[in-house]
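Reading the structure
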Amino acid sequence: MTLSCRSVVACLLGFSSIAGAVLAQQGGATAQPSPPGGQQVTFNRDIAPILFHYCAPCHHSGEAGPFPLLTYADAKARARQIAAITSTRFMPPWLPEPQELRFADELRLSAEQIALIQKWVEQEAVEGAAADLPPAPQFVPGWQLGQPDKIIEVEKPYTLAAGGSDMYWNFVFRTPVDRTRWLKAIEIRPGEKRVVHHANILVDRSQSARRQESQPGTGFAGMELKIESETFDPDSHFLFWKPGTVPKPEPEGMSLRLDKDTDLILNIHLQPSGKPEKIQPSLGLYFTDKPATLFPMLLQLENDRQLDIPPGEKRFLVTDEFTLPVDVDLLAIYPHAHYLGKDLQALATLPDGSTKTLIHISQWDLNWQAVYRYAAPVSLPKGTTISMRYTYDNSSENPVNPNDPPRRVVSGNRSSDEMAHLWLQVLPHASADSAFDPRMLLQEAMARHNVGKNPADFEAHYNFAAILQARGVSAEAIQQFEFAVRLRPQDATANNALGAALLAAGRIDDAISHLTAALETQPDNFDAHYNLANALASEDKFLEAIEHYRAAIRLHPDDANTEANLGSALAETGKLSEAKQHFERALRIDPHHKLARENLEQIARDLKNPQE
Ligand code: HEC
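**Some thoughts on the overall build of the protein**
Along the protein, the regular secondary structure elements total 14 helices and 23 strands. By its C-alpha atoms, the protein is 110 × 50 × 50 Å across when sized along the principal axes. Here the protein, with 612 residues, has 50% of them falling under the buried criterion. Contacts in the protein between residues far apart in sequence, at least 24 positions, make up 76% of those at least 6 positions apart. With the model as given, the accessible surface of the protein reaches about 28000 Å², and the carbon-plus-sulfur share is 51%. Taken as two groups, the 58 positive and 77 negative side-chain charges of the protein have centres that lie 3 Å from each other.

What follows is the structure in structure tokens.
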């Protein structure tokens, strides 16, 4: 889920002031009264409530659990196994240690509950009085949020081989909307749940990921993917599925924007089952007519560059730290490492020096990774430092080490590579002393942090520059684009962006040299032709400018600005009737194009009174 800005575009995001969001409190666990001392533990009175709440969501037919746990007979048949597996806390799968900040839907048995199960098995696992049995949970088959407004099916199913190692597959869903719509929920139906371990959706507004498909609709392999973005439009929601999750609508005010020509990429983690499985996921879209009024944002701490883990190393430490430039409410957290990850911790140090554990996983298990939502938003004031501290075990004692014997491991996208990522969903508060969208301040602080952390990282400089440019901090933006170009002198995108920034700052000759460099590497770069033409026109080099406007039009025949500017350049060289045609074309593309209309009127007057 890496985000990279790709060109310099002003931020035009709607924004309204943000009050602390109120998230619905999720239903907690049922309290288990422990039987008075010495009393017989029975299934109906003591054990069934535990299994119904903590196990049945996955252990019923059609779900991920390999057998149902809904009746006395189900439990009795596996009583010893249940006692063993709950005492090691392998089931129910719940990674975080207990902590002060509570998560919604915590699925962690208390020590008393575990002891009760042990005692039940020791006492021969009796059933008890029928009257004590609570009603079994009811599970609705099919869509959990009701009939979706729109269902999107994957075009071409993927067939998972019978054996071999884990597979990560990406399905590209073309969205079925012809205008911007708002969603109150997306329900993920991942396909055969026995083999799907987790799935998450990435929103691809520029349709960049589909280029990796061998044919449209086939999808493509890959554990992590990178979504490119042309505009300031930070990722905002975790769209995550894991076994046993009951989907929930997004909180009030936080509906999701879905534009025309957006792809939704479903990234799925699959584990072979012993026979070939056809995987055909679908998504249910639930529309709302309420646009978002609250704008959360995903922040990423990471330090993949620190990952260079020698074989045999048992406690390899990776850290990152980020200080919040604005007040935020922390809504959810998603730690991520691969198979060598062992102890994953995130901590907040508040401006008053106090600390809060945001999450602590002492036995990381990639297979049970999840997004954890807080039971109530966690308020973190400006100046709070968030730190991640991950340790990795690359010894042969790590039972899931992908290498036997252990090898040196560095960061990468394959499951045998490693990662050190921590994602946070935060809702920034508007600050009284700044007119800017607070997400932009967060994004800028994050980009500044990344440049400091990785000074040789082209993308860090480029993204930082793009944000500065969008914020109007022009001199510093130019400096950062220059760093980027120094790191990749041939890069057309960076040369074009630097050229555009220099042009906007009135440094025309420098602009021309970078825009020319962009076209040397990429002769069909529309932006560079357009910007270069504008630069040349501003130096009255109209004949050269006309060449580049024409080249730009060949690449994008539907761009009203290019048509209008070509018209102006032609008019400057006295070619009025040809100019007129291009102004008219501009107006056909965009009937409201002001420059084209004014120039056309001017030409009409000039043609009427040629002596003037
Ligand atoms: C989030 C879904 C989920 C929940 C909740 C869950 N299980 Fe499981 N359980 C699974 C899956 C999936 C497997 C298959 C093994 C695997 O993939 O690791 C499994 C396997 C098992 C096994 C067999 C393990 C083995 O080694 O073969 C037992 C026993 C079990 N679960 C008991 C429980 C009990 C008891 C609870 C509640 C206290 C529970 N599970 C809660 C998903 C779940």
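This is not the end of the story, as more comes after the structure.
**What about unusual backbone geometry?**
Each neighbour pair has its own omega, and for M91 with P92 the value is -15 degrees, a cis peptide bond. Checked against the element boundaries, P92 lands in the loop between α3 (79-87) and α4 (111-122). With an omega of 0 degrees, the peptide bond running from D404 to P405 counts as cis. Position of P405 relative to the elements: it lies in the loop between β21 (385-392) and β22 (409-410). Here the phi dihedral of D105 falls at roughly 55 degrees; this positive angle occurs in a residue that is not glycine. Here D105 shows up in the loop between α3 and α4. The class for D105 is partly exposed, based on a relative accessible area of 38%. One non-glycine residue, A125, adopts positive backbone phi at about 50 degrees. For A125, the position within the fold is in the loop between α4 and β2 (150-153).

**Section: helix α5 (residues 438-453)**
Helix length check: α5 (16 residues) gives 22 Å between terminal C-alpha atoms against 22 Å at 1.5 Å per residue, within 8%. The residue sitting at the N-terminus of α5 and contributing the capping side-chain oxygen is D437; that oxygen lies 2.8 Å from the backbone nitrogen of R439.

**Topic: the environment of D527**
For D527, the position within the fold is in helix α10 (residues 526-538). On the basis of relative accessibility, which here comes to 35%, the residue D527 falls in the partly exposed class. Note: C-alpha distance between D527 and A497 (30 residues apart in sequence) is 8.9 Å.

**Overview of the site of the ligand**
Looking at the ligand, there are 21 residues lining it, with Y54, C55, C58, H59 and M91 nearest. The leading source of residues in the shell around the ligand is α3, at 4 residues. Residues that form the shell around the ligand fall into these classes: 16 nonpolar, 5 polar and no charged.

**What about the domain arrangement of the protein?**
How big an interface is tends to be stated in terms of accessible area lost as the parts join. As far as domains go, the protein holds domain 1 (43-132), domain 2 (143-288), domain 3 (309-411 + 434-450) and domain 4 (455-608). A straight line from the C-alpha centre of domain 1 to that of domain 3 covers 30 Å. Residue-level contacts link 12 residues of domain 1 with 18 residues of domain 3. Between domain 1 and domain 3, roughly 1300 Å² of surface is buried when both sides are summed, and carbon and sulfur atoms account for 71% of that area. For the domain 1 face of the interface with domain 3, the top three residues by lost area are L95, L101 and F103, together amounting to 47%. Applying the counting criterion to the domain 1 and domain 3 interface returns 5 residue pairs in polar contact (both at pLDDT 80 or more). Its residues assigned to classes, the side of domain 1 that touches domain 3 comprises 9 nonpolar, 1 polar and 2 charged.

**Comments concerning the sheet that holds strand β18 (residues 341-349)**
Adjacent strands of a sheet form backbone hydrogen bonds with each other and so pair up, either parallel or antiparallel. What the 4 strands build is an open sheet, ordered β16-β21-β18-β19; its pairing is antiparallel. With partners counted over all chains shown, the strands left at the sheet margins are β16 (316-323) and β19 (355-361), one partner each. Within this sheet the neighbouring strands show an average axis-to-axis angle of 15 degrees, counted without direction. Pairing between β18 and β19: 6 bridges, direction antiparallel. Residue pairing in the sheet places Q345 in a bridge with H360 of β19.

**Considerations on the nonpolar core**
By size, the foremost hydrophobic cluster in this structure holds 56 residues, and its most contacted members are I333 and Y392. With 5 residues, strand β17 (residues 328-336) is the single largest residue contributor to this core. The contact partners of I333, leaving out residues within four places of it in the chain, are F103, F238, A346, L358, I359, A370, V371, Y372, Y374, L422, W423 and L424. The next biggest cluster of nonpolar side chains, apart from the first, holds 45 residues, and it includes A501, L502, L532 and A535.

**As for the packing of aromatic side chains**
Applying the stated criterion across every chain, the model contains 13 aromatic pairs. Measuring from centroid to centroid gives 6.0 Å for F43 and W120, while their planes differ by 40 degrees, and the two rings are tilted. Taken together, the residues span a long stretch of sequence, with F43 in helix α1 (residues 43-54) and W120 in helix α4 at a distance of 77 residues. In terms of burial, F43 and W120 fall into one category: buried. On the basis of an interplanar angle of 20 degrees and a centroid distance of 4.0 Å, the ring pair of Y158 and W169 is categorised as stacked. Of the two residues, Y158 sits in strand β3 (residues 158-160) while W169 sits in strand β4 (residues 167-174), which places them 11 residues apart along the sequence. Taken individually, Y158 and W169 each receive the classification buried, so the pair is uniform in this respect. Pairwise contacts between aromatic rings join W94, F103, Y372 and Y374 into one cluster. Cation over ring: R78 sits above F67, and NZ or CZ is 3.6 Å from the ring centre.

**Here we look at the pairing of β17**
The element β17 is extensively covered by neighbouring structure, given that 9 of its 9 residues are classed as buried. By the bridge criterion, 5 bridges tie β17 to strand β20 (residues 372-380) in an arrangement that is antiparallel. The partner of I333 across the bridge, within β20, is Y372. As judged from the 8 bridges shared by β17 and strand β23 (residues 421-428), these two strands associate in the antiparallel manner. Along β23, the bridge assignment pairs H336 with H421.

**Observations concerning the confidence of the model for the protein**
Summary statistics for the protein give a mean pLDDT of 89 and a share of 91% for residues scoring 70 or more. When the criterion is pLDDT under 50, residues 1-31 qualifies, and its contacts beyond four places in sequence or with other chains add up to 86 contacts.

Calculation rules
Residues numbered from 1 in each chain as written. Predicted model: local features only at pLDDT ≥ 70, side-chain atom pairs only at ≥ 80, totals over all residues. Heavy atoms only, no water. Helix = DSSP H or I, 4+ residues; strand = E, 2+ residues; numbered from the N terminus. Buried < 20%, exposed > 50% of the residue type's maximum accessible area, 1.4 Å probe, protein only. Contact = heavy atoms within 4.5 Å. Areas by Shrake-Rupley, 256 points an atom, 1.4 Å probe, with all protein chains shown as cover. Lys, Arg positive; Asp, Glu negative; His and termini not counted. Charge placed at Lys NZ, Arg CZ, Asp CG, Glu CD. Expected span 1.5 Å × (residues − 1). Polar contact = N/O pair within 3.5 Å; in protein donor to acceptor, adjacent residues only side chain to side chain. Near = heavy atom within 4 Å. Nonpolar A, V, L, I, M, F, W, Y, C, P; charged D, E, K, R; others polar. Domains from an automatic or database assignment. Buried area = accessible area lost by both parts, 1.4 Å probe. Pairing = 2+ DSSP bridges. Axes fitted to C-alpha atoms, helices over the stretch in contact; angles between N-to-C directions. Core = buried A, V, L, I, M, F, W, Y, C linked by side-chain atoms within 4.5 Å. Phe/Tyr/Trp six-rings, centres within 6.5 Å; stacked < 30°, edge-to-face > 60°. Lys NZ or Arg CZ within 6 Å of the ring centre and 35° of its normal. pLDDT = per-residue confidence, 0-100.

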